[in-house]
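Examination of the molecular architecture
Each chain, letter by letter, is given below.
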Amino acid sequence: MRRRDLVFYLPVAAAGGFFLWFGVRTYNLRFRPRPEAMEPQWKEGPRVEVARLGELPLWGAKPFRYPLPQGELSAFLLRLPEPAPGGLSLGEEHYIAFSRICTHQGCTLNYVPDPEAASLLYNFRYERPFLGCPCHFGAFDPLLGGKAVYGPPRYPLPRLRLEAQGEVLYATGHEVPLRPMEGL
């Protein structure tokens, strides 16, 4: 091969490599199937008071801390309009609790109650509130049990088990595995 040919082939190879990477990245972000949130397997944990029944409005969220041997886990309690896998239904009230740690790279999630604002902030249009990762713009749907619906996250959010006693909601354990802290 002549030196003159290298001047042509090296940029072509570099551009081809870039477009191959871009195609794989696009497939992984937009089209690769993500696992569903199945019925959870629970691990017993301490009993922590989270909220009182009726305290949250519909689509309301309340942050709380859940103690674990590794340290405190930041979490959200949400009141939903319908039952969700791994949640707690008490008559017409439906609740679910999630870890606030993104399963992609461990960033802290935000509750995004306004889908219109989310379309600007996350470049993602969705029909209802969701949990969003501000680091890499991943989105998780609470009504689907925390399934990852957009962005780089593959796995659903870990859920916390809820129990009611009287008028009080308690968190009493967590889903196994507790991603990303307990691996795959």
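The rules we used
Residues numbered from 1 in each chain as written. Predicted model: local features only at pLDDT ≥ 70, side-chain atom pairs only at ≥ 80, totals over all residues. Heavy atoms only, no water. Helix = DSSP H or I, 4+ residues; strand = E, 2+ residues; numbered from the N terminus. Rg over C-alpha atoms; globule rule 2.2 N^0.38 Å. Areas by Shrake-Rupley, 256 points an atom, 1.4 Å probe, with all protein chains shown as cover. Lys, Arg positive; Asp, Glu negative; His and termini not counted. Charge placed at Lys NZ, Arg CZ, Asp CG, Glu CD. Phe/Tyr/Trp six-rings, centres within 6.5 Å; stacked < 30°, edge-to-face > 60°. Buried < 20%, exposed > 50% of the residue type's maximum accessible area, 1.4 Å probe, protein only. Salt bridge = Lys/Arg side-chain N within 4 Å of Asp/Glu carboxyl O. Core = buried A, V, L, I, M, F, W, Y, C linked by side-chain atoms within 4.5 Å. Contact = heavy atoms within 4.5 Å. Pairing = 2+ DSSP bridges. Axes fitted to C-alpha atoms, helices over the stretch in contact; angles between N-to-C directions. Disulfide = S-S within 2.5 Å.

Once that is clear, we can look at the overall build of the protein. The secondary structure content of the protein amounts to two helices and eleven strands. Reading the secondary structure of the protein in the N-to-C direction produces α-β-β-β-β-β-β-α-β-β-β-β-β. For 184 residues, the compact-globule formula gives about 16 Å, and the C-alpha radius of gyration of the protein, at 21 Å, lies well above that figure. Roughly 10,200 Å² of accessible area belongs to the protein as shown, and the carbon and sulfur atoms make up 57% of that amount. In the protein, 21 side chains carry a positive charge and 18 a negative one; their mean positions are 13 Å apart.

A few words on the packing of aromatic side chains. Per the counting criterion, the structure on display carries eleven aromatic pairs. Geometrically, the ring pair formed by Y126 and F130 is edge-to-face, given 6.2 Å between the ring centres and 90° between the ring planes. Like Y126, the residue F130 is buried in the burial classification. Taken together, the ring pairs in this structure connect Y122, F124, Y126, F130, F137 and Y150 into an aromatic cluster.

In the structure shown here, the tally under the stated rule is eleven salt bridges. A salt bridge links D5 to R2; its shortest N-O distance comes to 3.7 Å. Take D5: its relative accessible area is 25%, and that puts it in the partly exposed class. A relative accessible area of 53% places R2 in the exposed class. Within the structure, one salt-bridge network assembled from shared partners comprises E44, R47, R161 and E163.

Moving on to the nonpolar core. Taken as a class, soluble globular proteins show a tendency for nonpolar side chains to be buried jointly. With 19 residues, the main nonpolar core has F64, Y66, L73, L77 and L160 as its most contacted residues. Elements that contribute at least two residues to this core include exactly β1 (42-52), β2 (61-68), β3 (71-80), β5 (93-99), β10 (159-165) and β11 (168-175). Those residues in contact with L77 that lie beyond four places of it in its chain are V50, A51, L56, G60, A61, K62, F64, Y95, I96, A97, L162 and L169. Counting 17 residues, the second largest nonpolar core, distinct from the first, contains L80, C107, Y111 and L143.

Judged by pairing direction, the sheet is antiparallel, and its four strands sit side by side in the order β6-β7-β8-β9 without closing on themselves. In this open sheet, the two strands that pair with only one neighbour each are β6 (110-112) and β9 (147-150). For this sheet, the mean inter-axis angle between neighbouring strands, taken without regard to orientation, is 40°.

Disulfide: a covalent bond connecting the sulfur atoms of a pair of cysteines. Summed over the entire model, instances satisfying the criterion amount to one disulfide. The residue that forms a disulfide with C107 is C135, at a sulfur-sulfur distance of 2.3 Å. Note on the C107 and C135 pair: the S-S dihedral is about -110°, so by sign convention the disulfide is left-handed. Of the two residues, C107 sits in the loop between β5 and β6 while C135 sits in the loop between β7 (130-132) and β8 (139-141), which places them 28 residues apart along the sequence. Overall, the relative accessible area of 14% leaves C107 in the buried class. Here C102 is not disulfide-linked; the sulfur of C133 is the nearest cysteine sulfur, at 3.9 Å. Under the relative-accessibility criterion, C133 is labelled buried at 1%.

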